[in-house]
Structure formats: structure tokens, C-alpha cells
Amino acid sequence: METYRKNILFLGEAILNSYAQVFFSRNKTFALLLLLVSFFDVWAGISGLISIVVANVIAFIMGFSPFYIKDGTYGFNSLLVGLGIGLYFQPGLEIVLLIILSSALTLFIGLFLQGVFTKYALPFLSVPFLLGLWMIMMASSDLTTLGISERGIYEANEFYDIGGQSLVNLYHSIQNWGIFDSVSIFLKSLGAIFFQSNWLAGLLILLGLLFYSRIAFTLAIFGFYVAFFFYGVIGANINELSYTYIGFNFILTSIALGGFYIIPSFYSYLWIVLLLPIVVLVTLSSMQWFAPYRLSIYALPFNVVTLLFLYILKLRYKPNAKLQEVRVQHNSPEKNLYFFRNNVLRMSSMGFPDFQLPFIGEWTVTQAHDGEYTHKDEWRHAWDFAIVDDQDKQFKKQGNHVDDYYCYNKMILCPADGEVVNILDGVQDNEIGKVNLDQNWGNSLVIHHHSGVYSQLSHFREDSFTVKKGDLVKKGDVLGTCGNSGRSPFPHIHFQFQTTPYIGSATLELALPHYMERIEKQVSLKSYAKPAKSAKLLRGEAHPLLVQSLGFQSGQKFSFEVVSGGDNIMVYEQNNWDFEVKSDTLSNTYLYCSSTNSRAYFSLEANVLQFHNYLGDRRSLLYYLYLSCYKVYLGFYANLNVKAELPPNLIYGAGKLFIQDFIAPFYIYLRSEYQLNYLSKLDGITSEEIELESKVICSYPNKKEHLKSEIRIESGASLRIKIHRKGKTLEIRCGNMQAY
């Protein structure tokens, strides 16, 4: 019985998402509204519903991905085909059979196209709908037992059947409002997406868009009027839009390329201005192509231009930072934008190794990228490191000998896991001030990491290598010691990334995931950045206590107990909360709260715990753990300061976000900053204790503290967090954070 109930709930969610997917959404309220609109014509609504059920049941029985079934991916094309058939033919049992077969055909086309398009990382959009419905329409003349419907011709009669004379009177009064022709065409075009020929359906869909996404709402209007005015500029027949309602191609293209598959920005809107006239040209020409066959072009222009543009974006040699594709899809332009802004640096480094600095202790950048000495042209993306004292001197005594230099003979560490693929040794150290131009790179090695990235370290001391060619090395392994060989007037480490295994290859521009920088007495954590000249850097080491408590590992389970404040309104009145560390199909790790079905996605790189997204109930204790430990360095430095910006949609309420969403592609004024300070560390004979303090500061309307957390980690991986928010306090405790 429980399995039956779960299957029914699963199918129900798949049905709703199939409606919402037509507008790239998974919003259940919007889906219910679209379901209502589809039943403006009852038989069409029934036909669409049958199509969705058939498609999803077949996909489920055949064993296709539950994710895509639940997501509505396999249902929305069949929905559109069902709506089209339901409106074109008279009701009857024969039509039900036709709907079932058409739904299955459309599903099979979609599955085939998914297999083909996935190779190019492209969506199949509504191409299955086009092919499926065209086949039925072309065969309709031979389907002699099926009657062609005349519904849609006498709209008043249809409204009378739905709601009686009162609805007919309302319909006529609305028709007499005398709205601008362009507005009427726009609303009818919007309604035509669900095969509705009246603008009341379009108005309801527009209101649903406003509820679901302010950016999608704006893009729908913007895209349509760009195309509408282009019709006027080129002298095309604008009136054809009033009876063909193919204007929905402009609406869908604008939403898809302005904010769904592309990160919404000023530049995505600018591209819409260029792309919509192209959609108009494709529309006008394709109408001529299909006229002899008496077929409607339906959503052909939208599919052609959208797929064409997405494909050519993937051919770019160097993607433009001003026009970014959506890498993690949240089915909402706003969420796509906010997630991207808070993860853009991390995402630009995804797929590359988890690099760390190649030394122990504090070193200074003596030459950075585009340096004034040797880091130029194709070798410009590199760093030189040395050790300096409080007077910024690299040496003691007079500095006349290599032994006088603080970094000389210090250990050089492996920056990331890999294989040693090249080593050059046997080059003697230079006298101070002299260089060896014949053996420019000096004693060097190259390590091959995954994703085709190599790192090169140069100017080792002769015969100091502890590894050989072919050795597999781990991050932090000792490779050798710092020397003064090659083009090196003073002892230092040269460090660069490259794409080939040869010593002296052209450099590759990459950022370092996480490292610490000391500015006077303050130490700050830097993330996905490129250290500048004179920066004082620390590699840092993880602290076992912090790793045990917050170094979450897949499969780990733990429970939090509410010590005090459990009766306040911050979280649900629940004393024990169980969390588990899981991974999704894309290997993204997250903390899962079974009580509220909430997820907090995170990564662990270079000893840094960083949360990236939260999905679920804000009254779950997991939400407060997410805010309290949003970004934590798993080592300890007194007065270490960690800062990060949080996405506004996970801090502010819907009321404040409503206006922000409209202008988010151009400007974000709702900002919130996470701050973490390392207060103290107690090292006892039998116990250890670390105290941290985190804050979330909101900048609008006035800068104020949104949340404050006192974090205490004790021996045995015991974690206590005291959370203060809006005058209320909640204290929670986890006795043991280790896996069991």
C-alpha cells in the first residue's frame, strides 16, 4: 500500500511538472494555473491530461530515469500534442486511442532526441511535439472516422457551456474594454502556447508568469514587443499575428535565451534584441515553406533559433564572461542568476584539480602574473615565491651566499595529486646576482594532474628531488627543496600551470581555489583568486578537530539535539534532528534533513567547507546550520577572518525579493555578507577546544545583523552552536560528528 501511495504521489508530481515545463518551470502553483487554462476547452484539457499520464507511465514501465519523469521532461511534449489533437478533432473513443498512440510516439521521439542532443549538451525543447503533431495533422485527411472540431469558432457558446450566461456577459464586457491591438495579440499569443485562442487565457498565464518569475514575466513582454516592432520596421503583415497567434515563438525564445539557458544580464537582454528579429525572419519564411502542406509552423522558429544559438555558444574558443550559459539548472531565471553570482568563481574552476600552495609556512609573491622580469607573453601566468622577514628582506647577513636566503633549501610540496611526467636535474646553483641563461628553467619538474592540466615547479636545488619520473604523488608530498638554479639571481620557487608535459611550456591562466593571505596582523581566506605581487601567503594546515567535526564525508550520519530554545519560532518544535551526507547523480554532495526533505549543497576543497545552495524549508535546523557554517576553513589561525556573500533569495523574504527580481539582471541591491572569525583555541593535556563566531549581515534597508552564531568544537568531535536571531536564541549540540 505504501509503494502504491508513493507511485501515485510520484505520478502526480510528474503531471504537474509536465505543465510547468512548458515555461521551463517546476513551480507547482504555476502548474496548477496552467492545468486550469488547459481546461478552458474541457475536451482539450482531458486530452492533454491523458497524454501526460500515458507518456509518464510508459517511461516508468520501460525503466527510464525517474528524475526526468518526475521533472516533467518526458511529459510536456506529449501534453502539447494531446492539447492539439483535442482541439482539432471532435470528442470520441477513437480520439482517445489516437491520443494514446500519439503520446507514445512523441515520447519515443523525445527519448531518441535526448540521446542525440545530450552528446552536444543541448535540450530537445519542443521538437518532439512538432514532429509528433505534424505527423498526425498530415495523416488527418485519411482519418475518415474522426470528425474535425469546430470549437474555437463560436467562443461565446463555449463560455456559456463552461459558466453560463454570467461568464458570457463577463467575456463580452472584457472584449469591449478596447485594449490596444498589440496587447490583445500578445495575450492571445501567450494563450496560444496552450492552444487557447482567447486573451483571457493569456492574461491568466501572464499572471502565473509574474508569480513564478519576474524575470520571465519581463522577458515575455520584452521579447514579444521587440519582434512586434520589427514587423513594423520591415513592413511585414503585423495583422497575421492576430489570427495565427504564432507570436508565442517570440515569447518562448526570449524567456529561454534571456534568462533560462543563459544567465540573465544586460547582455542577455541585448542579445534578445538581435535574436528576436531573426526569429521573425524564420517565422515568415517557414510559414511559406509549410503553406503548401496546410500545416502550422507551431513552435518551429523558437526551436530553430534557440537550438542554433545554444549550439554555437558551445563552439566558442574562449567563452565571453558577459554571456554565460547556465551550468546548474534551477528552473528559475532568478535562482539561476543568484546561484551563478555566488558561485561564478568556483564554477569557473570546476573540473580542475584542487590546487594548494607548494610550500609550508608564510611565503611572499616576488613576481606575479604579467611580472616585470620574466613573466611575460606566453609565460605571463606564473608566480615566484620567496620568504621575507619583517623588513621585507629575503636574506640574513649580507645576502651574498645562497645559504643567507630564508627560502633556500626549504621543502617544496606537491600542489595537487598527479604523476611526475618530466624532471630536469643536475643544474648547479648560481652565485647570488648571476643567472644561467643556457639552462633557463634550472632544476624543474612537471606533474600531470587530471583534466589535462599540468603544473611546473622550477629552480630546485641540485640533487634535492625526492621523486622521479613516473612517480604518483599526492597533494602535500615533498618534491625537493628550493634552490637557485637556472635563470634565478636569488633563491625562489617558480610555479605555473600549463597544458603540455614539457618544461618551459606556455602558461595556463588558473586561479587557486583557497589560500590565506596576511595583511599586517590580519589573516584572511582568499578563494578562487590569483595572488598579486608582494602578497604574503600561507598554505595553512587542517586542524584534526575541525576536520572531524565539519569535514563531512559521503554516507556520514549524525544527529543534533536542541539543548535550549526549542519552543521558539525559529525552527519547528523538534528536539532531535537527523542529517545525512549524500551525493546526487552529478556527484554533488549535500546534507540531507529527512524531517523536512531539505538539502544543503557543499564542497570540501583545500581544507575549506563551503556551502553553495540550500533547497527546502527555512524552518529546518539544517537551514541554520547552513547559515552558521556557510564557509569554514578547517584549520585554525587566531584572528583569521573568512568572508563570503550569500545569495539574496536564501536570506530575504518574497516581499523584498519581488522588486529586486525585476532588476536583478542589471543590479542587485539586496546583499548579505557572511563573516566568520576564529576566536580562540585551547590545547589541554586531555582535551581541546576551538571557538568560532559567525554572522550574517544584511545591507538593506539598513546594515544590520541578520543572524549570529557562537560555534564551539570540543574533543571527541563534539559541536555546539548557539544561534541568535531576532531576539531569540537556539542552542544545539551534536555529540559526535564522525561517521557511524
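Please read these numbers as outputs of a predicted model, since none were measured by experiment. (Residues numbered from 1 in each chain as written. Predicted model: local features only at pLDDT ≥ 70, side-chain atom pairs only at ≥ 80, totals over all residues. Heavy atoms only, no water.)

### Observations regarding the nonpolar core
Phe-23, Phe-194, Leu-209, Leu-591, Phe-611, Val-632 and Tyr-678 are the most contacted members of the largest nonpolar core, which totals 166 residues. Of all the elements, helix α11 (residues 214-234) adds the most residues to this core, at twelve residues. Those residues in contact with Leu-209 that lie beyond four places of it in its chain are Phe-23, Phe-30, Leu-190, Arg-214, Ala-216, Phe-217, Ala-220 and Ile-255. Judged by nonpolar contacts, the second largest core, of 33 residues, contains Phe-355, Val-365, Phe-385 and Ile-387. (Core = buried A, V, L, I, M, F, W, Y, C linked by side-chain atoms within 4.5 Å. Buried < 20%, exposed > 50% of the residue type's maximum accessible area, 1.4 Å probe, protein only. Helix = DSSP H or I, 4+ residues; strand = E, 2+ residues; numbered from the N terminus. Contact = heavy atoms within 4.5 Å.)

### Brief notes about the pattern of salt bridges
In this structure the tally under the stated criterion is 21 salt bridges. The shortest N-O distance in the salt bridge between Glu-541 and Arg-539 comes to 3.8 Å. Arg-539 gets classed as buried once you look at its relative accessible area, which sits at 8%. With a shortest N-O distance of 3.8 Å, Arg-712 and Glu-689 are connected by a salt bridge. Here the residue Arg-712 occupies a position in strand β22 (residues 704-714), and Glu-689 occupies one in strand β21 (residues 688-698), the gap between them amounting to 23 residues. Assessed through its relative accessible area of 34%, Arg-712 is described here as partly exposed. Put simply, Glu-13, Lys-28 and Lys-70 are held in one network by salt bridges that share partners. (Salt bridge = Lys/Arg side-chain N within 4 Å of Asp/Glu carboxyl O.)

### Section: the environment of Cys-414
Topologically, Cys-414 is positioned in the loop between β3 (411-413) and β4 (418-424). Given a relative accessible area of 0%, Cys-414 falls into the buried group. Cys-414 sits 59 residues away from Phe-355 along the chain, and the two C-alpha atoms are 8.9 Å apart.

### Quick notes on unusual backbone geometry
The phi torsion at Asp-377 lies on the positive side, around 55°, for a residue other than glycine. With respect to the helices and strands, Asp-377 occurs in the loop between β1 (362-367) and β2 (382-386). Look at Lys-397: it is not a glycine, yet its phi comes out positive at around 55°. Relative to the elements of secondary structure, Lys-397 occurs in the loop between β2 and β3.

### Some details on the packing of aromatic side chains
Evaluated as defined, the whole model comprises 58 aromatic pairs. With a centroid separation of 6.4 Å and an interplanar angle of 10°, the aromatic rings of Tyr-19 and Phe-194 are classed as stacked. Here the residue Tyr-19 occupies a position in helix α1 (residues 2-20), and Phe-194 occupies one in the loop between α9 (181-192) and α10 (199-212), the gap between them amounting to 175 residues. Each member of the pair, Tyr-19 as well as Phe-194, is classed as buried. Chaining the aromatic ring pairs together yields one cluster made of Phe-552, Phe-558, Phe-560, Phe-579, Phe-602, Phe-611, Tyr-614, Tyr-623, Tyr-624, Tyr-626, Tyr-630 and Tyr-674. Taking the ring centre of Tyr-572 as reference, the NZ or CZ of Arg-619 above it sits at 4.7 Å. (Phe/Tyr/Trp six-rings, centres within 6.5 Å; stacked < 30°, edge-to-face > 60°. Lys NZ or Arg CZ within 6 Å of the ring centre and 35° of its normal.)

Everything listed here is a matter of coordinates, which is why it stays silent on function.
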